[in-house]
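Architecture and fold: a report
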Amino acid sequence: MKLFQNILLLGAMLLSFTAKADDNGRLFIIGSATPYGWELDMAQSLLSTPDNPGVYTGTIYLKGGEENTFKFMEAHEWGNTEYGIPAAYAVQGNIKLASGTLDNGYSQMYVTENGNYNISIDTNNLVGVIKPSDYQENEIKYCSLFLIGDATDGGWTVENGTPLYQTKTAPYEYSAIVPLKSQGSFKIANALRGAGSWNPQYYYFKDVDDDTKISTDSTDDRQWSVSNDGDYRVTVNVISHTISILSATGIEENTNSAVETNIPSVYYNLQGNKINQPSTGIYIEIRGNKATKIIRH
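Residues numbered from 1 in each chain as written. Predicted model: local features only at pLDDT ≥ 70, side-chain atom pairs only at ≥ 80, totals over all residues. Heavy atoms only, no water.

**A word on the overall build of the chain**
The following threshold applies: Counting from the N terminus, the helices are the DSSP runs of H or I reaching at least four residues and the strands are the DSSP runs of E reaching at least two. Three labels apply to residues, based on accessible area from a 1.4 Å probe with only protein chains included: buried if under 20% of the type maximum, exposed if over 50%, partly exposed otherwise in between. By definition in these notes, contact holds between two residues if any of their heavy atoms fall within 4.5 Å.
Of regular secondary structure, the chain possesses two helices and 21 strands. When burial is assessed residue by residue, the chain has 49% of its 297 residues classed as buried. Looking at the chain alone, contacts between residues at least 24 apart form 59% of all its contacts between residues at least 6 apart.

**A look at the sheet that holds strand β7 (residues 98–100)**
Put simply, the rule is: Only strands joined by at least two bridges in the DSSP assignment are considered to pair. For every element, the axis is a line fit to its C-alpha atoms; helices are fit only across the contacting stretch, and the angle between N-to-C directions ranges from 0 to 180 degrees.
What the nine strands build is an open sheet, ordered β6-β9-β8-β3-β2-β1-β4-β5-β7; its pairing is antiparallel. This sheet does not close on itself; its edge strands, each paired only once, are β6 (93–96) and β7. For this sheet, the mean inter-axis angle between neighbouring strands, taken without regard to orientation, is 25 degrees. Pairing of strand β2 (residues 44–49) with strand β3 (residues 52–62) involves two bridges; the strand directions are antiparallel. Among the inter-strand pairings, Leu-47 is bridged to a residue of β3, identified as Thr-57.

**Section: the pattern of salt bridges**
Condition: Salt bridge, as applied in this entry: a Lys or Arg side-chain nitrogen positioned within 4 Å of an Asp or Glu carboxyl oxygen.
Per the stated rule, a full pass over the model turns up eight salt bridges. Close ionic contact of Lys-71 with Asp-103 constitutes a salt bridge, the shortest N to O distance being 3.1 Å. A residue pair is termed long-range when its members are at least 10 positions apart, and Lys-71 in strand β4 (residues 71–73) and Asp-103 in the loop between β7 and β8 (115–122) qualify at 32 residues. For Arg-222, the salt bridge goes to Asp-217, with nearest N and O atoms at 3.6 Å. Judged by its relative accessible area of 11%, Arg-222 is buried. Salt bridges sharing common partners tie together Asp-41, Glu-77 and Arg-193.

**What to know about the side chain of Lys-71**
For clarity, the cut-off: For the purposes of these results, a polar contact is taken to be a pair of N or O atoms within 3.5 Å, where, inside protein, one atom must be able to donate a hydrogen and its partner to accept one; residues adjacent in sequence count only when each atom of the pair is a side-chain atom.
Given the relative accessible area of 3%, Lys-71 is considered buried. There is a polar contact of 3.1 Å between the side chain of Lys-71 and the side chain of Glu-82. Looking at Lys-71, its side chain comes within polar contact range of the side chain of Asp-103, at 3.1 Å. The contacts of Lys-71, once residues within four sequence positions are left out, are Phe-28, Ile-29, Ile-30, Trp-38, Trp-78, Glu-82, Tyr-83, Asp-103, Tyr-106 and Gln-108.

**Here's the deal with a nonpolar patch on the surface**
What counts here: A patch is a set of surface residues, each over 30% in relative accessible area and not in a salt bridge, joined within 9 Å for like charges and within 5 Å for the nonpolar side chains Val, Leu, Ile, Met, Phe, Trp and Tyr. A 1.4 Å probe and the Shrake-Rupley method give the accessible areas. Residues count as covered only by the protein chains that appear here.
Judged by side-chain polarity, Trp-38, Trp-78 and Leu-102 come together as a nonpolar surface patch covering roughly 310 Å² of accessible area. Positionally, Leu-102 belongs in the loop between β7 and β8.

**Let's talk about unusual backbone geometry**
With a phi angle near 70 degrees, Asp-103 is a residue other than glycine that sits in the positive phi range. You will see that Leu-126, though not glycine, has its phi angle at about 55 degrees, which is positive. Its place among the elements puts Leu-126 in the loop between β8 and β9 (127–132).

**Here's the deal with the side chain of Arg-222**
Relative to the assigned elements, Arg-222 resides in the loop between β15 (214–215) and β16 (230–237). At a separation of 2.7 Å, a polar atom in the side chain of Arg-222 contacts the main-chain carbonyl oxygen of Thr-219.

**Describing the nonpolar core**
Heads up, the rule is: Residues belong to a common nonpolar core when they are buried Ala, Val, Leu, Ile, Met, Phe, Trp, Tyr or Cys residues joined through side-chain atoms within 4.5 Å.
If you look at the biggest cluster of nonpolar residues, it comprises 36 residues, and the most contacted ones within it are Ile-188 and Val-236. Secondary structure elements with two or more residues in this core: β10 (144–148), β11 (162–167), β12 (170–180), β13 (187–189), α2 (192–195), β14 (203–206) and β16. Those residues in contact with Ile-188 that sit more than four places away from it in its chain are Leu-145, Phe-146, Leu-147, Tyr-202, Tyr-203, Tyr-204, Ile-214, Trp-224, Val-236 and Ile-243.

**Digging into the sheet that holds β10**
One open sheet holds the eight strands; their spatial order is β15-β14-β13-β10-β11-β12-β16-β17, and the pairing between them is antiparallel. Only two strands of the sheet have a single partner each, and these edge strands are β15 and β17 (242–247). By the bridge criterion, three bridges tie β10 to β13 in an arrangement that is antiparallel. If you follow Phe-146 over to β13, its bridge partner there is Ala-189.

**Some details on the packing of aromatic side chains**
Note the threshold: Two rings belonging to Phe, Tyr or Trp (six-membered ring only in the last case) form a pair when the distance between their centres is within 6.5 Å. Interplanar angles under 30 degrees mark stacking, angles over 60 mark edge-to-face geometry, and anything in between is tilted. Working rule: Lys NZ or Arg CZ, within 6 Å of ring centre, within 35 degrees of ring normal, means a charge sits over the ring.
Enumeration over the complete set of coordinates arrives at nine aromatic pairs. Ring centres 5.1 Å apart and planes at 50 degrees place the aromatic pair Tyr-135 and Tyr-172 in the tilted group. Taken as a pair, Tyr-135 in the loop between β9 and β10 and Tyr-172 in strand β12 lie far apart in primary sequence, 37 residues in all. Of the aromatic side chains, those joined through ring pairs into one cluster are Trp-156, Trp-198, Tyr-203 and Phe-205. The ring of Tyr-203 has Lys-187 lying over it, and the distance from NZ or CZ to the ring centre is 4.6 Å.

Such coordinate-based values are descriptive only and should not be taken to indicate function.
This is the structure we're talking about:
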């Protein structure tokens with residue numbers, strides 16, 4: 001169990017070393033099917049990863065029915081490239097995409113039943129997958145969260161917010177390993193466009209009595225800080241309203257991949273999912289109790 005936790009942690013560390021906050025790593029979902037309708041300020045961000053750019057994933061609650069439609073946007077402003085499907089129909093499973101602007105060149109889509117849906121959108125190949133999530137206990141309203149503040153590399157520029165990624169099996173949890181500075185602080189945005197207005201409704205703040213809790217109470221603009229510069233694993237749970245900020249030191253990466261052994265290799269992607277054989281991208285190879293980063297071109 002400890003080894004697998006280290007796999008996930010090492011994968012998250014590699015993500016944090018290569019990911020940028022604003023390098024086309026986001027795709028916004030909007031529409032009457034989403035929890036926020038057509039409100040641009042609350043458009044949710046699907047995220048891509050450095051080993052799979054152009055493929056954006058996230059889990060969110062969608063309302064079913066023809067009257068409840070949605071689409072995807074490259075920016076949270078009208079008039080930019082948008083993605084839908086060639087003709088309007090109910091989507092579930094694999095889909096073909098079409099692109100255009102302001103509903104020209106594509107049709108909006110809908111699902112037939114209310115529920116949380118896992119979404120994967122490949123804007124390079126204009127394909128996607130939309131299917132019900134295994135997790136249905138609570139409505140998932142956020143595809144991602146963002147750290148905003150001068151303790152982060154993005155500073156107080158909201159569009160450069162540092163992303164926290166959904167945990168696949170627990171999409172109400174958001175996590176990443178990020179560099180944090182001791183000379184500064186941060187709070188948590190739940191929607192980038194709205195957060196740019198500095199309206200507190202788009203933020204989580206530190207709880208007045210417990211700094212391991214998140215709160216929507218904006219009194220005194222309470223923020224988090226760390227004692228030392230370094231990489232930290234930040235995990236936010238919006239069901240339990242908790243936050244953990246743990247030092248990411250102590251994970252040792254074995255780079256001696258030439259060692260001969262009879263122990264077979266097991267491979268994981270950066271999200272901690274076991275795969276049969278690496279293709280192009282960055283992976284973690286586990287052989288015995290040794291973890292090695294491998295890059296396949």
